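Chain by chain, the residues:
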Amino acid sequence: MLRFSPLALFACLLPAPLFAAELDPEPGDRIALVGNALAEGLQHHNEWEALLYQRFPDRELVVRNLAFPGDEPFLRIRTRDFGSPDDHLKHVGADVVLYFFGFNESFAGEAGLEDFKADMQKLVEETKTKDYSGDGPPRIVLVSPIAFENTGDPNLPDGSEHNARLEMYTDALRSVAETTGVGFVDLFRPTLKLFRETDERLTLNGAHLNEAGYEALAPILDAGLFGEGTPESPNPAVVAELNDKNFHWWHRYRAVNGYSIWGPRGLAGSDGTYNNRDVMNRELAILDQMTANRDERVWTLAGGGTVPDEVDDSNTLPFITPKSNVGGEDDPNRKRGKLGSLDYLSAEEQLKSFTLPPGYEIELVASEEQFPELANPVALNFDDAGRLWVAVMPSYPHWKPKTELNDKLLILEDDDGDGKTDRCVTYAGGLHQPTGFEFGMGGVFVAQQPDILFLKDNDGDDHVDVRREFTEGGQDVRIRKLSGFGTADSHHGIAAFEWGPGGNLYFQEGTFKMSQVEDPYGVDRLSEAGVWRYNPRTERTDVHISFAFANPWGHVFDDWGQEFLADASPGENYWGTPISGRIDWPEKHPGGSQGNRVVKEMNLDPNNPYPPFFKKRIRPTAGNELVSSRHFPDEVQGDYLITNVIGDRAVLQYDVEEDGSGFTATERDMLLVNGGDGNFRPVDLQFAPDGSLYIVDWHNALIGHLQHNLRDPNRDHSHGRIWRVTYPERPLVDAPQIEGAEIPALLDLLDAPEYRTRYRARRQLAARETAEVLPAVDEWLQGLDESDPNYVRSRLEGLWQYQTHNTLNEPLLKELLTADDHRARAAAVRVLSFWLDRVEEPLALLEERIADEHPRVRLEAVRALSFLDGPEAIELALGVLENDLDTFLQYTLDETMRALDE
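Predicted model only: the values in this text are computed from it and were never measured.

What counts and what doesn't
For every chain, the first residue of the written sequence is number 1, and numbering continues from 1 along that sequence. Under the rules for a predicted model, residues below a pLDDT of 70 receive no local features and side-chain atom pairs below 80 are neither given nor counted, while totals for whole chains, interfaces and linings still include all residues. No hydrogens and no water enter the side-chain calculation; it runs on all heavy atoms of the structure. Centres within 6.5 Å make a pair out of two Phe, Tyr or Trp rings, where for Trp the six-membered ring is used; the pair is then stacked when the planes are under 30 degrees apart, edge-to-face when over 60, and tilted otherwise. The helix and strand labels rest on DSSP assignments: H or I over at least four residues marks a helix, E over at least two residues marks a strand, and numbering proceeds from the N terminus. Each residue is assigned to one of three classes by its accessible area relative to the maximum for its type, calculated with a 1.4 Å probe on protein chains only: buried under 20%, partly exposed between the two thresholds, exposed over 50%. Lysine and arginine charges are scored as sitting over a ring when NZ or CZ, respectively, is within 6 Å of the ring centre and within 35 degrees of the ring normal. Residue contacts are defined here by distance: any two heavy atoms, one from each residue, within 4.5 Å place the two residues in contact. Following DSSP output, two strands are said to pair if at least two bridges run between them. Side-chain atoms within 4.5 Å link the members of a nonpolar core, which is a set of buried Ala, Val, Leu, Ile, Met, Phe, Trp, Tyr and Cys residues.

**Q** Quick one: what's the story with the packing of aromatic side chains, residue by residue and with numbers?
**A** Within this structure, the stated rule accounts for 45 aromatic pairs. Between tyrosine 259 and phenylalanine 512, the aromatic rings sit 3.7 Å apart at their centres with planes inclined by 10°, giving stacked as the arrangement. With tyrosine 259 in helix H11 (residues 258-261) and phenylalanine 512 in the loop between strand S17 (505-509) and strand S18 (514-519), the pair connects residues that are 253 residues apart, well separated along the chain. The burial state of tyrosine 259 is the same as that of phenylalanine 512; both residues are buried. Each ring, one from tyrosine 610 and one from tyrosine 891, has its centre 4.7 Å from the other, and the planes form 55°; the classification is tilted. Of the two residues, tyrosine 610 sits in the loop between helix H15 (595-602) and strand S25 (621-626) while tyrosine 891 sits in helix H25 (residues 887-901), which places them 281 residues apart along the sequence. Comparing tyrosine 610 with tyrosine 891, the two get one shared label, buried. One Lys or Arg, lysine 122, reaches over the ring of phenylalanine 74 and ends 4.9 Å from the middle of that ring.

**Q** Before we move on, could you go through the side chain of glutamate 625 and cite the residues and values that matter?
**A** Among the structural elements, glutamate 625 can be located in strand S25. Judged by relative accessible area, glutamate 625 falls into the buried class, the value being 2%. Discounting residues that sit within four places of it in the chain, glutamate 625 has contacts with Val556, Asp639, Tyr640, Leu641, Leu685, Gln686, Phe687 and Arg756.

**Q** Go over the pairing of strand S19 (residues 522-527), please, and point to the residues and values.
**A** When you tally the buried positions in S19, you get 5 out of 6 residues, the bulk of the element. Pairing of S18 with S19, which is carried by 6 bridges, proceeds in the antiparallel orientation. In the strand pairing of S19, glutamine 516 is matched with arginine 525. Hairpin connection of S18 to S19: 2 residues between the antiparallel strands.

**Q** Break down the nonpolar core for me, with residues and values.
**A** Formed by 103 residues in total, the largest nonpolar core has its most connected members in Phe507, Phe549, Phe613, Tyr640, Leu813 and Leu846. Here this core takes 7 residues from helix H21 (residues 822-834), the largest share from any one element. Not counting chain neighbours up to four residues away, the residues in contact with phenylalanine 613 comprise Phe564, Asn573, Tyr574, Trp575, Tyr640, Val656, Phe663, Thr664, Ala665 and Phe888. One finds Val63, Ala67, Phe195 and Leu225 within the second-largest nonpolar core, a separate group that totals 52 residues.

Laid out in structure tokens, this is it:
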């Protein structure tokens, strides 16, 4: 049942905007929405569009949403060959263009106001010269940003500074509209009034509307565009039909795999007759037709008629079915060792093909034979109750129109604790290519290109309905938490979710992608691969690493907060600190397997490339993990594990050592090798609460995304397996209670030997109330024993809790900046880099670290300086030259100086 708040009715009672556009749509008008996240969200919350059709039920209007988060008048980054804004306005035949701008631009303040007005006037004048529909220039309306809501959350801005800027930019839009003679809608003042007079929270983060907020906006926008006469409320049947219509339009306009649809990979995967571009552009045309079919149903429903339960899509073009390019002794992918076997072994037969070092054993946890839902598993994780979850995406590599979109998040229940799955529970169905996920803040974050969803099971039935959006209040939660990520290639989707020790959630995306993410602090852009960082308390999203990876698909932190990243396609692995300093878009830190191409295409400075922390022997890799389990032998603790999905089809193992400012690693014997079955594709791995190691097996004969057509008939959509590695000579770890544990018990787990135990305890503590956690942290810190070997690391855990809960603790920070252990000092400098605008005299604190006796502490200090400005920061960074510089430190200094010289 669709939820409607009385708030929508209240909004109808608000005074109409002071300067309404007074549009009078002509029959058959095609209306295009262009602009930022506010506009983009209107296709996911269809109350406004329903009011439009109900107001004009006989005019057969068409609405197409062309908005992207982060868009500005002349700054709209897109996947290569996506097409210009004019191309898409021409494609939809726009008679009316609604421009939604002003929010992202407002962060430039008064200094950017005149440039914004000039850009908007130029945009309007240029649009007036175009004929997208064949009937002459489009009519234009400028729509202002909404106000910023003071949510009362102390971790979020109160909006006072935002609203002063937003008002200026709203008035600038009004001025441009008056000068150019186009329509204008003021959403700022009505929503400012709405926020002040409504108790219900209407935004996700102060800046972006939630479900209730879009409901309330609908009549305001309707009145602003068309004047008096707004329908009393949206018709639920019309809204439901619009949900379906815009679902199909969304998958047409925001299609994944754009690099294969219209970009350079379009000619790949050819069978000699059809290539990706042929096959996938036909599917876009089919989606256009399916969207149009749903337009007609909307018109009927809006006019009070009825429609059949099923949509008649029999008028669409036929699909193109390519022939497979797989098979034969001359198959080039077979010769390169990429191809598996189309004759799939049973799990029992596959088990016999594994080779492990002496003392280790492997067993099957689950397979598609028992649980058909386990098809194309891509990522695993353990929740705070110790249960195994797996993301599966049988729609990979591209959802096909007219088929059910039903990728899933599964819970594999082990009822008797023997490591084997007894029951498979679908937590969330109806997902779209969930390439990664992570638990936190009482729910689960799930990748769904181009979004990140937040799902929460409020009724405890281990199931969330994800087919529409809910909010709190006894119902399950499904929220588009973050949006604006690139969709160029599903193979490079958002992956490798990992909590940093200080409470930030990190995740990665691959090359070809162009992303723009709005938050309450502005817009962040990332081109051509990198690592994102999201803070769920402050709702701040930042680019953590901008580097020309091919397809990063692994991210882990060690005991002291140092991070390591795996880049799947080339098989390179990197120590992350030197490439995580400030770099302003569109620049990138130099290096990476895509470095030469990206430098050329984006006209960047190549500089000096960044080296991996060990020399690869084979490619590609995917997930990574550090050994931290008393169940495994002592001599392998701290080893770095990576999966290999083509050459050896194995889990590789490396002995990691400190080396100057950084790290190096030496390969050991492989932990796991699959000697007989070419379909073993290990893509993710993680230590379980009992200390055993779990491995996701994608299990597919075809692994290449480029080598085979996206619709190659031999792509498998049914197999998938989970494996478990143990070392029986040593006992399993007693899995601690984390979910439901008291805060003092969780704090005690921060001293546990296993990193994943500490990780999950941190994750649980992050979800608890700050007012309850931090007093307990203080008491816990006071009770620590200074003679305990873990004393300093425990103090660091306390500091990380303060960072997680967005609370400055300068005395504890200063204590750890001078700790005896260089690893603690380096970690403290990293925390300082987040608090540079909050501590007293940050330069003085960094000055001491620049002269630290250990090069890693010096490197962290140089990196931290990249986030400052001015000659003092430059002079201080150059002070590191008083000591010898190794490769990593020299690279970090070069990049910091580049940031400070801008």
